[in-house]
Structures are given as C-alpha cells and as structure tokens.
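The lines below spell out each chain.
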Amino acid sequence: MSSESTTCSFTTLGIVGTGAMGRGIAQLAAQAGLNVMLFDVKEGAVKEAKHFINGLWQRSAEKQRITPEQAQHYSERLLEANALDALAPCDIVVEAIVEKLEAKQGLFSDLEAIVSQQAVLATNTSSLSVTAIAAACQHPERVIGFHFFNPVPLMKIAEVIPGLRTSDDVTQQVNALGKAMGHFTAQATDTPGFLVNHAGRAFGTEALRILGESVTDPATIDRIMVDQGGFKMGPFTLLDLTGLDVSHAVMESVYHQYYEEARFRPSPLTRQRLAAGLLGRKTGEGFYRYVDGKQQMPEAPDIKSVSPCPVWISQDDPESADALAALVTTAGWPLETEATPSGQALCLLTPFGEDATSCALRQGLDAKQCVAVDMLAGLDKRRSLMATPVTGTAYLQSACSLFNHDGTPVSTLQDSNGFVLQRIIACIVNVGADIAQQGVAEPTTIDRAVELGLGYPFGPLRMGDHYGATRIMTILTNLLDATGDPRYRPSPWLRRRAALQLSLTTV
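So, how was this worked out
- Note that residues are indexed from 1 along each chain, following the sequence as it is written.
- pLDDT decides what is reported in this predicted model: residues at 70 or higher carry local features, side-chain atom pairs at 80 or more are listed and counted, and totals for whole chains, interfaces and linings draw on all residues regardless.
- Calculation of side-chain values draws on the structure's entire complement of heavy atoms; hydrogens and water are dropped beforehand.
- Strands here mean DSSP runs of E at least two residues long; helices mean DSSP runs of H or I at least four residues long; both are numbered from the N terminus.
- Burial classes: relative accessible area under 20% of the type maximum marks a residue as buried, over 50% as exposed, and values in between as partly exposed (1.4 Å probe, protein chains only).
- We call two residues in contact when some of their heavy atoms are within 4.5 Å.
- Pairs of N or O atoms within 3.5 Å make up the polar contacts considered here, provided that, within protein, one atom can donate a hydrogen while the other can accept it, and that residues adjacent in sequence are counted only when both atoms are side-chain atoms.
- Being paired, for any two strands, means DSSP has found at least two bridges between them.
- Lines fitted to the C-alpha atoms define the axes, with helices restricted to the stretch that makes contact. Angles between their N-to-C directions range from 0 to 180 degrees.
- Residue types Ala, Val, Leu, Ile, Met, Phe, Trp, Tyr and Cys, when buried and joined through side-chain atoms within 4.5 Å, form a set referred to as a nonpolar core.
- Residues scored as charged are limited to Lys and Arg (positive) and Asp and Glu (negative), so that His and the chain ends carry no count.
- The salt bridge definition used is simple: a Lys or Arg side-chain nitrogen within 4 Å of an Asp or Glu carboxyl oxygen.
- For classification purposes, an angle smaller than 35 degrees is called roughly parallel, one larger than 145 roughly antiparallel, one from 65 to 115 roughly perpendicular, and anything else oblique.
- Here, the term right-handed applies to a crossover whose path from the first strand over the helix to the second runs clockwise when the strands point away from the viewer.
- Only rings of Phe, Tyr and Trp enter the pairing, Trp through its six-membered ring, and a pair is recorded when the two centres are within 6.5 Å. The plane angle decides the type: under 30 degrees is stacked, over 60 is edge-to-face, the rest tilted.
- Two thresholds decide whether a charge sits over a ring: the Lys NZ or Arg CZ must be within 6 Å of the ring centre and within 35 degrees of the ring normal.

A. View of the environment of Gln 363. You can see Gln 363 is positioned in the loop between helix 14 (356–362) and strand 14 (370–373). Exposure remark for Gln 363: the relative accessible area of 25% places this residue in the partly exposed category. C-alpha separation for the pair Gln 363 and Asp 316, spaced 47 residues apart in sequence, amounts to 8.7 Å. The residues contacting Gln 363, other than those within four sequence positions of it, are Ser 314, Asp 316 and Leu 349. One polar contact links the side chain of Gln 363 to the main-chain carbonyl oxygen of Cys 359, over a distance of 3.3 Å.

Put into structure tokens, the structure is as follows:
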C-alpha cells in the first residue's frame, strides 16, 4: 500500500549510525536532493562514511553512469554532525544503530529534545516493534519504521511501518520519501518480521525440516529449488551466505514473538551447527565447505542407463498422467495402458502432499514396483523421484534412466510427504496467504515486496496462483493429515479462495 502523495516534503535528513545501512540510506537521500547530516558516536566514523559514499559516486562518474557535476552536487549534500545536537535542523532523522530496544528508545528520547516537534523520527529496525520504540517518546505519533535492506542502493524496496500511534500524515510523508529515493515502498503493519522477513520464514525452516527428516541432502534440496522452483539460490546456499549467527537468531526471534506459532518453528539443526561454529561462508564451512570463498558443491550422483522396461502410469491426476505418457513415448519405452499394471511394469505415481507408500497402497498397487514423480513444476528442468521403502533397486534405476533419457537432471529422494518442491512452495504460499489474512499488507504489496526483498521468482500469492490454489490446498491438507503438525494447517485466506476458485490476490 503506497501513499497517493509522491512529492517528498523533507529537505534535510539526519542519519544516526553510519554503518552499511546508514551509508546506503544517506547515499540515496542525497541523490534524491536532500541535505544529509551524518552522526555517529564512534570517532572518525562519519568521515569514513563520507569517504566511502563519495568514492561510490566518483566511480559512477568514471563509468559515466552519472556526470562529474552530479557527483559533486551529491557530495556537497553530505554534511557532518559533530554532536547529536547538530541534527536540530533535520525534518526527519533515521536511526541505523544497534538492534537493541533500550538503545533506540534512548536515542529517540534524546532527539525529541533536539529536533522540532514536526520532525519525523524513523527507525531502520528489522526486528523490533516500532510501537515499542515509540512508547518512550512524548510524541509517538511522529515515530515510524523505515526499513531498508542491504545493500540499500541495490535492494529497491523500503518497508514503511507505522506504529499503533503513528499519524497518517507521517506515514504519507515517509512513503513519498521512499519513492523519491527510488524505492518501492511496502507499507505494512507493525508485526514481528514486518512483511519481507515474515514472508521469508517458510523457505529455510521447511528446507531444514526436510533435511532433519533425512529426505535428502542440502545440495539436492538446493538443486531442486533452483532448477524446478526457479529460485536464484537454494535455502542452504542462502543460509551459508547470510550466516547462521544471523539466520538462526532471526528464526528464533520471529518464532518467539509469535508465541511459538508452528509455521515459524526453527530447527534444532541450526542451533547445533551454530554451537559448532559452522556459520557458513564467513567461517569457511557451513552446510557446504568454502575454499577461497568459493562454494564446494558436491557432484550429483551419476545415472546409469538401463534397458527400457514396461511403464504403467497412475491416472490419479490426468494432467500429470498425460505429461508422463508423452515423456515415456518420446523416450521410446513401452507404455502399458491397462487399468492395472503387469507384474513387470515400472509404476509411476503422481502424489501431491502424499508419500509414495500411501499413494501406492491407496491405489492397490505393489509398492515394490512404484516410484513417485513430483509433477508440481512439470518435467522441463529437473525431475524429482521418490521411492517407497520397498521399491526394487531395478525399478528405481529404470525410473532414473527413463527420466534422464534426454539429459535432464534427476534427483532421487527418500519417501516423504510432498517431495521437496511441493513442501517448500506450499509453505511459502501458506505463510503469504496468512499475511494477507492478517492484513499486514495489501496482496499486491506482499507479492512485490517479496519479489524485491527476497528475490523469489513470484511473490507468495502469485506463486499460489501459478501452481494453483487448489493444488496447494491438497498438498497442505495431506501434509497436515499425515503429520498432525499445525505448521501445515491452511490459511483461511487460501482455503476460501481455493474453494471459490479465486485468485489469491483477490481482496
């Protein structure tokens, strides 16, 4: 949700805290035409920040992205504040200091005695309650969350989070400022994780749950989510990049702030690895090893080519059955079309949220002949197969050979409800739907914020529309029935729209 006003009413912006976030905000504000006053309690930090930002502009001018005159004008807008009192002329001050409630409350209490009564106090907090920060102020109506993502100039999104007592006028002004700085402004309510971090809870936590169940290894999960899911990186590559010291703390924080909501439950795997110092890229080892900063991705297992055998395809899902029949025919393998398979046939199943064992038994099939195929994303980029605990080795080898006949990579999984892609996608959609249900943000804002802030191929609601709300409901319902775990209970937003065959973005 964005303000109707697009004209920025601020002229002088103060920054308290000149680390990576403060520098990025200062850079954008100066480029948007504001005078920027920099303050930091650390000696020399302001001069260092100015030097860093000016260096960026100089390099941009050398690469002809901006003119030397523009670089000079921007530089002239960066001003040093040698004391907190020097921020008195600012009509908005953005704090980017340590993530501690008492520190932010104390700073804003001090600033209230310095700036004018009309000045806005904005916090760049990523995890603390804006309402709680404002509670220490005499004028909480002028306190607002203005949360950027690192690196600020490249991540084209800023969350605008009014506290419970923030005035509408302040919200409109800050929305307009974010737009003037070249960012999409995602207005969200003051809830744990706000919008983007809230929406991102499912990706890593469900992947960790899959790993914890020994369904497969981190590399296979990452390959599936990149190739089949279209994500820029897999969940374990992302966890290693961010660092478990950061990621685990956020997982626990959001989980506890939501009073142990099952959808956000962390994994004991990350706590154990954190204790072992396996933080990721920064320590040279996490879920992967790193040599000179380069990820050492293990090789995928080779697939042995075997002679064709008869193939029988379940008609449980006709659309999936047709796609599989086309693949079998193209590969030149014999296709059985009778209602029941022969005793020699490889039986292909297409469960959604079900495990291969249950799917086989429900259809009265011999589980020894059965291999399940994940059809959620089709068969184009990677194929995920799942055997029952008693599937014959020859049948699994035949399935791998068949699905790899054209060189498309194949991943094999231990039997589980929902494969890898189905589980993670369904959980992402479900969390996004519940964010809409709670009214944290408008549906279009949820999707755009997630696409910009997390780099997902679709926002969670568009993702649900892409794969089909009814199918997502089937996956979640089967997961819930099989596990009894309330983390898989479908959101009312998803359930109603699936029942009515509506888009998840419909208000």
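B. How the structure looks around the sheet that holds strand 16 (residues 410–413). As summarised here, the arrangement of the six strands in space is 12-11-13-14-15-16, forming an open sheet in which the pairing is mixed. The open sheet terminates on both sides in strands that have one partner only, identified here as strand 12 (335–336) and strand 16. Sheet topology places strand 14 next to strand 15 (residues 383–387); three bridges connect them, and they run antiparallel. Across the sheet, the residue bridging to Val 373 is Leu 385, located in strand 15. Across the sheet, helix 13 (residues 318–331) is in contact with strand 11 (311–313), strand 12, strand 13 (346–349), strand 14 and strand 15; its angle to strand 11 comes to roughly 165°.

C. Representation of the nonpolar core within the structure. Grouped together as the largest cluster of nonpolar side chains are 101 residues, with contacts concentrated most on Met 225, Phe 403 and Ile 425. Ranked by the residues each element gives to this core, the list is headed by helix 16 (residues 421–438), at eleven residues. With sequence-adjacent residues up to four places away left out, Ile 425 is seen in contact with Met 225, Phe 231, Leu 376, Met 463, Tyr 467 and Ile 472. Listed in part, the 35 residues of the second largest apolar core include Ile 15, Val 152, Val 160 and Val 174.

D. Up close: the side chain of Asp 374. Relative to the helices and strands, Asp 374 is located in the loop between strand 14 and strand 15. No salt bridge is formed by the buried Asp 374; its nearest oppositely charged neighbour, Arg 471, is found at 8.2 Å. In this structure, Asp 374 is in contact with Gln 228, Ser 384, Phe 419, Leu 421 and Gln 422, ignoring residues within four places of it in sequence.

E. Here's a closer look at the packing of helix 16 against helix 20 (residues 492–499). Two elements in contact, helix 16 and helix 20, have axes separated by 7 Å at closest approach and are oriented at 100°. Here helix 20 runs roughly perpendicular to helix 16, going by the angle between their axes. Contacts from Asn 430, Ala 433, Asp 434, Ala 436 and Gln 437 in helix 16 reach Pro 492, Trp 493, Leu 494 and Arg 496 in helix 20.

F. Highlighting the pairing of strand 2 (residues 35–39). With four of its five residues buried, strand 2 lies for the most part within the structure. Examined bridge by bridge, strand 1 (residues 12–16) and strand 2 share five bridges and lie parallel to one another. Looking at the pairing, Gly 14 lines up with Met 37 of strand 2. Handedness of the crossover joining strand 1 and strand 2 through helix 1 (residues 20–31): right-handed. Summarising the sheet, strand 2 and strand 3 (residues 78–80) pair through three bridges and their orientation is parallel. Considered in strand 3, the bridge of Val 36 is made with Leu 78.

G. Molecular detail of the packing of aromatic side chains. As enumerated under the stated definition, the model contains seven aromatic pairs in all. Consider the rings of Phe 146 and Phe 148, whose centres lie 4.6 Å apart with planes at 70°: the pair is edge-to-face. The class of Phe 146 is buried, set by a relative accessible area of 0%. In this structure Phe 148 comes out as buried when scored by relative accessible area, which is 1%. Ring centres of Tyr 258 and Phe 264 lie 5.1 Å apart, and the angle between their planes is 50°; this geometry places the pair in the tilted category. No difference in accessibility class separates Tyr 258 from Phe 264, as the two residues are buried. Among the aromatic residues, ring-to-ring pairing joins Phe 203, Phe 231 and Tyr 456 into one connected group. Here the basic side chain of Arg 471 rests over the ring of Phe 352, its NZ or CZ set 3.9 Å away from the ring centre. The residue whose ring lies beneath Arg 487 is Tyr 488, and the NZ or CZ to ring-centre distance is 5.7 Å.

The analysis is restricted to geometry; functional conclusions fall outside its scope.
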